[in-house]
Amino acid sequence: MFCKIVAGEIPATIIVKAFKDLNAQAPTHVLVIPTFHIGSLNDAKDPALLGKLLAFARDVAQEAGIGTKGYRVVVNTNPDGGQTVFHLHLHVLGGRPMHWPPG
């Protein structure tokens, strides 16, 4: 599904390499994805790419106006980790207090 969004086959609100989650779990819920397919965090082999994704997630949070008050970045990996779409993606969540443990 994410590959189709990047390719323009499925419409989405695009923020460079990020888009709003259709099933938002917070007032701000943006997904950050690489522009080529990586199934999960376990499949990611390039530490520099992972750093770029995390830095981009930080920039998205700043641009969304949640950088100062706080936000959470989540990577779900495989079924027991909550991953339901098997294209590596980071969730940037904010706009409300985040609680611990997350669930």
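Scroll up to find the structure this text is about.
Described below are features of the structure shown in this document. Here the structure is a predicted model, which is why all the values come from computation and not from measurement.

Procedures and definitions
- Residues numbered from 1 in each chain as written.
- Predicted model: local features only at pLDDT ≥ 70, side-chain atom pairs only at ≥ 80, totals over all residues.
- Heavy atoms only, no water.
- Helix = DSSP H or I, 4+ residues; strand = E, 2+ residues; numbered from the N terminus.
- Buried < 20%, exposed > 50% of the residue type's maximum accessible area, 1.4 Å probe, protein only.
- Contact = heavy atoms within 4.5 Å.
- Salt bridge = Lys/Arg side-chain N within 4 Å of Asp/Glu carboxyl O.
- Expected span 1.5 Å × (residues − 1).
- Arc of directions from axis to C-beta.
- Core = buried A, V, L, I, M, F, W, Y, C linked by side-chain atoms within 4.5 Å.

## As for the environment of Glu-63
No. 1: Along the chain, Glu-63 falls in helix α2 (residues 47-63).
No. 2: In sequence terms Glu-63 and His-91 are 28 residues apart; their C-alpha atoms lie 15 Å from each other.

## Structural notes on the environment of Leu-49
No. 1: Looking at where Leu-49 falls in the secondary structure, it is placed in helix α2.
No. 2: Judged by its relative accessible area of 13%, Leu-49 is buried.
No. 3: Sequence separation between Leu-49 and Val-92 is 43 residues; the distance between their C-alpha atoms is 17 Å.
No. 4: The residues touching Leu-49, leaving out its near neighbours within four places in the chain, are Phe-36 and Ile-38.

## Details of the pattern of salt bridges
No. 1: Enumeration according to the criterion identifies 1 salt bridge in this entry.
No. 2: With a closest N to O distance of 3.0 Å, Asp-59 and Arg-58 form a salt bridge.
No. 3: On the accessibility criterion, Asp-59 (31% relative accessible area) is partly exposed.
No. 4: Overall, Arg-58 belongs to the partly exposed group, its relative accessible area being 41%.

## Regarding α2
Side chains of residues three or four places apart in an α-helix project in the same direction, reflecting 3.6 residues per turn.
No. 1: When the terminal C-alpha atoms of α2 are compared, their 24 Å separation across 17 residues agrees well with the 24 Å that a helix rising 1.5 Å per residue should span.
No. 2: All buried positions along α2 are accounted for by Leu-49, Leu-53, Ala-57, Val-60 and Ala-61. Along α2, the residues classed as buried sweep out an arc of 120 degrees about the axis, all on the same side. Turned more than 90 degrees away from the buried face of α2, the exposed residues are Pro-47, Lys-52 and Glu-63.
No. 3: Looking one or two residues beyond α2, the residue adopting positive phi is Gly-65, at roughly 85 degrees.

## Quick word on the nonpolar core
No. 1: Of all hydrophobic cores here, the largest spans 14 residues; its most connected members are Val-32, Leu-53 and Val-92.
No. 2: If one sorts the elements of this core by residue count, α2 sits on top with 5 residues.
No. 3: Filtering out sequence-adjacent residues up to four positions away, Val-92 remains in contact with Thr-28, His-29, Val-30, Val-32, Ala-57, Ala-61, Ile-66, Tyr-71 and Arg-72.

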